[in-house]
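# Chain and residue survey
So you can see what is in the structure, the chains are spelled out below.
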Amino acid sequence: MAPLFGVSSELFSVTETIIKIIASTRDLAINGAPPAFAKPLHVGRPHLGSKAQFLELAEQIYDSRWLTNDGPTVQEFEAAVAKLHSVKHCVATCSGTAALDIAIRALDLQGEVILPSYTFVATAHALKWQNITPVFADIDPKTHNLNVDSVRARVSSKTTGIIAVHLWGRVAPVDELKAVADELSLKLMYDAAHAFGCSYHHRMVGNFGDCEIVSFHATKVVNSFEGGALLTNNDELAKKARLMRNFGFAGFDNVVALGTNGKMTEICAAMGLVNLRAFSDITSVNRRNYDSYRKYLGEIPELTCIDYQDCHKANYHYIVVEVSSACSLDRDKIVSMLHAENVLARRYFWPGCHGMAPYRNLYPEAGESLPNTRDVAERVLVLPTGEAATEADIKAICNMMKVYIEAGEQLMLESGSY
Ligand code: T4K
């Protein structure tokens, strides 16, 4: 049986949520021990602001009988989001995907649009949904964001635009992408679903490209149950987007454009407002957890927690860990071990959009030109954070990975997995 691997058991206190101490591989759930956590620890547990404030707003909405269609709470939420990002217009929508759909139409994207494959599938679906061909470019393995040379290499006579993603809240190479878009007269928009409240060299997200979209899904740093928004400094584009999200209505019985129902409801805006008021507390908790993860993961050379450069504003919402290719256990084995312990780590965004339906059948060769995407997607795991994660939890999660990795192949042999 494997020894203690230099881990001192008294370092890891058992709390209300942690139900065992892992000192050796014998103590791991994959080896028959009970799970470390009595209840699952999720990636994406919603951050919640004041319940009293939410209920007060909900009561006002109920009493006012104004429930949707650009109501006063939506307008207040939009103004607050625009102010935080120092951007002229915020057009709130019923989801981040609806904001993508509307932005793509409002920018009149057609033909082919270049985007990363390493993103949540909504970025690609929003294009394909409108019969636009998503053309996948590779990423920079250091930043996980679009590689500008790869973008250039994908440009064809059919290309009309670029959708870059600020993955994990780390801002994409905005200056280089602007240079490409300007030079080739392409539209440029950003999927900033992860980057609410983030900045790059003191320029807030929301101000890059023709427009940016954010998401207020329950799992995001600020949630409105479901929701999203288009942020832009372009008056015409904002006007178009407002029409499009409400069937093209410019007034009673006056439809002036093609549109859809992309509206945010009043109750969703109320949730968004209350959570927005708690935003600095939320980011403080995220930062605290991030620092704890960095501290404990620093003891495991095979694992690296991605860096959010201190000089920029970050929301620290995702704890993203890269498993070194030199690690004796691959990412999937580590994720399986964590799941057995009730730590529901995720493999975001494996295998990349190019490996998912319908893209894997439509463009089966796409992966061949995405070596960094394929490599990163095989090595990244995302760990739980949020108010519910205590320092003791984080210490325990890192400890179990340390014990497991140090045991390496010997452990797999013992458990008969090879
Ligand atoms: N672009 C990018 C780059 C995105 O990441 C996203 C969304 C979008 C665009 C589209 O924005 P939206 O249209 O969604 O506004 C989640 C979210 O569903 C998705 O919004 C998000 N990205 C993506 C990164 O993560 P899943 O499939 O991992 O979520 P799910 O349902 O498994 O939730 C994760 C965990 O969170 C659950 O295991 C439990 C916990 N949870 C979840 C919900 C919904 C809760 O505790 N309470 C809840 O209400 O995609």
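Analysis parameters
- Starting from 1, residues in each chain are numbered consecutively following that chain's sequence as written.
- Local features in a predicted model are, by the rule used here, given only for residues with pLDDT of at least 70; side-chain atom pairs are given and counted only at 80 or more, and totals for whole chains, interfaces and linings are based on all residues.
- The basis for every side-chain value is the complete set of heavy atoms in the structure, and neither hydrogens nor water enter the calculation.
- Put simply, DSSP H or I for four residues or longer makes a helix, DSSP E for two residues or longer makes a strand, and each gets a number counted from the N terminus.
- The globule rule used here is 2.2 Å times the number of residues to the 0.38 power, and the radius of gyration it is set against is calculated over C-alpha atoms.
- Burial here depends on accessible area, computed with a 1.4 Å probe over protein chains only, as a share of the maximum for the residue type. Under 20% is buried, over 50% is exposed, and the range in between is partly exposed.
- For this purpose, a residue is taken to be near a molecule or strand whenever a single non-hydrogen atom of the residue falls within 4 Å of it.
- Under the rule applied, a polar contact is a pair of N or O atoms within 3.5 Å (in protein, one hydrogen donor and one hydrogen acceptor; residues adjacent in sequence only if both atoms are side-chain atoms).
- With residues, only the protein chains shown are counted as cover, and all accessible areas are computed by Shrake-Rupley using a 1.4 Å probe.
- Put plainly, a pocket is an open set of points on a 1 Å grid over the protein atoms alone with protein on both sides within 12 Å along at least five of seven lines, a cavity is a set where a 1.4 Å probe fits but cannot get out, and a lining residue has an atom within 4 Å of a point.
- If over half the atoms of a molecule are within 2 Å of the grid points of a cavity or pocket, the molecule is regarded as sitting in it.
- Note that the domain bounds were set by an automatic or database domain assignment.
- Expected helix span is given by 1.5 Å per residue-to-residue step, counting one fewer step than there are residues.
- A residue's pLDDT is simply how confident the predictor is in it, with values from 0 to 100.
- The contact criterion used throughout is that any non-hydrogen atoms of two residues lie within 4.5 Å.
- The quantity reported as buried area is the accessible area (1.4 Å probe) lost by two parts once they are put together, taken as the sum for both.
- Here a salt bridge means any side-chain nitrogen of Lys or Arg lying within 4 Å of a carboxyl oxygen belonging to Asp or Glu.
- Side-chain classes are defined by residue name, with Ala, Val, Leu, Ile, Met, Phe, Trp, Tyr, Cys and Pro counting as nonpolar, Asp, Glu, Lys and Arg as charged, and the others, Gly among them, as polar.

On to the overall build of the protein chain, then. Along its length, the protein chain carries 13 helices and 14 strands. Computed over C-alpha atoms, the radius of gyration of the protein chain comes to 23 Å, within 12% of the 22 Å expected from 2.2 N^0.38 for 418 residues, which places it in the range of a compact globule. Considering only C-alpha atoms, the protein chain reaches an extent of 75 × 55 × 35 Å along its principal axes. Within the protein chain, the proportion of its 418 residues that are buried is 54%.

Taken together, 25 residues form the shell around the ligand, and within it Arg-45, Thr-97, Asp-191, Lys-220 and Tyr-348 come nearest. With respect to the ligand, the backbone of Gly-44 contributes an N or O atom lying 3.2 Å from an oxygen atom. Thr-97 is positioned with one of its side-chain polar atoms (N or O) 2.6 Å from an oxygen atom of the ligand. Contact with the protein chains hides 76% of the accessible area of the ligand, taken as 920 Å² for the molecule alone. Among the cavities detected, the one that contains the ligand is the largest pocket. Elements supplying a minimum of two residues to the shell around the ligand: helix H3 (96-106) and helix H4 (122-128). Counting the residues that make up the shell around the ligand, at least three belong to each of domain 1 (4-39 + 279-415) and domain 2 (51-277).

Time to look at the environment of Met-400. Take Met-400: it is sitting in helix H13 (residues 391-414). Taking the relative accessible area as the measure of exposure, Met-400 reaches 0% and is therefore buried. Along the sequence, Met-400 and Asp-27 sit 373 residues apart, while their C-alpha atoms lie 9.1 Å from each other.

What follows deals with helix H9 (residues 279-297). Since there are 3.6 residues in each turn of an α-helix, residues three or four apart along the chain are aligned in direction. Its 19 residues place the ends of H9 26 Å apart at the C-alpha level, agreeing with the 27 Å of an ideal helix rising 1.5 Å per residue. Taken as a whole, H9 has its buried residues at Phe-279, Ile-282, Thr-283, Val-285, Asn-286, Asn-289, Tyr-290, Ser-292, Tyr-293, Tyr-296 and Leu-297.

Take the confidence of the model for the protein chain next. If pLDDT is low for a region, its predicted coordinates should not be looked at in detail. Summing up the model confidence of the protein chain, the mean pLDDT is 93 and the portion of residues at 70 or higher is 93%. In the model, residues 1-14 has pLDDT below 50 throughout and makes 31 contacts with residues more than four positions away in sequence or in other chains.

Let us look at the domain arrangement of the protein chain. Each assigned domain of the protein chain is listed here: domain 1 (4-39 + 279-415) and domain 2 (51-277). Each side of the interface is counted separately: domain 1 has 36 residues, and domain 2 has 38 residues. Looking at the side of domain 1 facing domain 2, the largest losses of area belong to Phe-279, Phe-349 and Tyr-359, adding up to 23% of the total buried there. Along the contact surface separating domain 1 from domain 2 lie zero salt bridges. If you list the elements that add at least two residues to the side of domain 1 that touches domain 2, you get H9, strand E12 (319-323), helix H11 (359-362), helix H12 (371-379) and strand E14 (380-383). When residues in the side of domain 1 that touches domain 2 are grouped by element, the largest group, five residues, is from H12. Broken down by class, the residue content of the side of domain 1 that touches domain 2 amounts to 24 nonpolar, nine polar and three charged.

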